[in-house]
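Notes for the structure review
One letter stands for each residue in the lines below.
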Amino acid sequence: GASGATGASGATGASGATGASGVGSNGAQGAAGATGATGASGAAGQKGEKGDTGAQGVPGSDAIPYVQISNLGFNSKNQSNFATKVDAGSAYMLTFTVQAKAKNLAETSQLLIAVALNPSRGGKLTQVISLPSRGVNAKGEIVQTVQVTGIFTPAVASESIAISLKEMKNRELRSLVGVAQLVKIKLQVVEQETPANLKSTKAAADKAAADKASAAKASAAKAAAAKAAVTKKK
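From a predicted model like this one, the values you see are computed outputs, not experimental measurements.

**Things to note about the overall build of the chain**
Along the backbone of the chain there are one helix and eight strands. Along its sequence from the N terminus, the chain presents helices and strands in the succession β-β-β-β-β-β-β-β-α. Looking at the chain as a whole, 19% of its 234 residues qualify as buried. The long-range fraction of contacts in the chain, counting pairs at least 24 apart against all pairs at least 6 apart in sequence, stands at 78%. Within the structure as shown, the chain displays about 18300 Å² of accessible surface, and the carbon and sulfur contribution to it stands at 53%.

Shown next, in the form of structure tokens:
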């Protein structure tokens, strides 16, 4: 038989369904960035304000020495008073000089004058040295001179110093002339070790005093024993 005819074309197939969305993982951390460049220098600062005025300095020492000087008159008891203008708590170098004659001029060369200095209000006199001497004045008369030096530390302002002279043999004095002087100083006392000769002298004096006391005690004991023996015989 004859061949059959060609069949008609088939219909187009439907579109396929949309595929599911994919989820990707996080990417790796990036590398650290490079160090930044150094910044430029800042502008110069402005000048600061003027500071406060400093405290007042300590007054300097006067180049001219502070000196007080006075002539002294003496009464019939050979006493005088040195009126001062000192400051309490300050220190002064004291120099006192007196000249005298004996009422009996023949005895002037034999005078032994002791000087007593007594602050009136509790001030202190230290480092006192007395220096006696004899000489002949312009009239050819023998004159006795005594000079006393020391350190005066007044307890109050304007403290006076009483001055008294005594002739150790009670000879009568006359023609007393005195001068007193004070010089203000900055005092610094430096302690010195007692010299060996003074130490030995003191040790000898102490030993002599101890020996004397021991002898007196032994003598008293002997006398007491003798008295007891006499009493016992009676």
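**Digging into the nonpolar core**
Membership of the largest hydrophobic core comes to 23 residues, with the highest contact counts inside it found for F74, F82, F96 and I163. Elements represented by at least two residues in this core include exactly strand 3 (91-102), strand 4 (113-119), strand 6 (142-153), strand 7 (161-167) and strand 8 (173-185). If one sorts the elements of this core by residue count, strand 3 sits on top with six residues. Setting aside anything within four residues of it in sequence, one finds F74 in contact with Q79, S80, F96, V98, I163, L165, L176 and G178.

**Let's talk about the environment of L125**
If you trace the backbone, L125 turns up in strand 5 (residues 124-136). Excluding its chain neighbours within four sequence positions, the residues that come into contact with L125 are L94, L117, P119, I151 and F152.

**Details of the side chain of R171**
With respect to the helices and strands, R171 occurs in the loop between strand 7 and strand 8. One polar contact links the side chain of R171 to the main-chain carbonyl oxygen of Q110, over a distance of 3.0 Å. For R171, the contacting residues outside a window of four places in its chain are E107, Q110 and L111.

**Points about a nonpolar patch on the surface**
Side chains of M93, I185, L187 and V189 sit close together on the surface and give an oily, nonpolar patch of about 310 Å² of accessible area. With respect to the element layout, L187 can be found in the loop between strand 8 and helix 1 (196-233). The class of L187 is partly exposed, set by a relative accessible area of 40%.

Rules and cut-offs
- Residues numbered from 1 in each chain as written.
- Predicted model: local features only at pLDDT ≥ 70, side-chain atom pairs only at ≥ 80, totals over all residues.
- Heavy atoms only, no water.
- Helix = DSSP H or I, 4+ residues; strand = E, 2+ residues; numbered from the N terminus.
- Buried < 20%, exposed > 50% of the residue type's maximum accessible area, 1.4 Å probe, protein only.
- Contact = heavy atoms within 4.5 Å.
- Areas by Shrake-Rupley, 256 points an atom, 1.4 Å probe, with all protein chains shown as cover.
- Core = buried A, V, L, I, M, F, W, Y, C linked by side-chain atoms within 4.5 Å.
- Polar contact = N/O pair within 3.5 Å; in protein donor to acceptor, adjacent residues only side chain to side chain.
- Patch = residues over 30% accessible without salt bridge, like charges linked within 9 Å, V, L, I, M, F, W, Y side chains within 5 Å.
- Salt bridge = Lys/Arg side-chain N within 4 Å of Asp/Glu carboxyl O.

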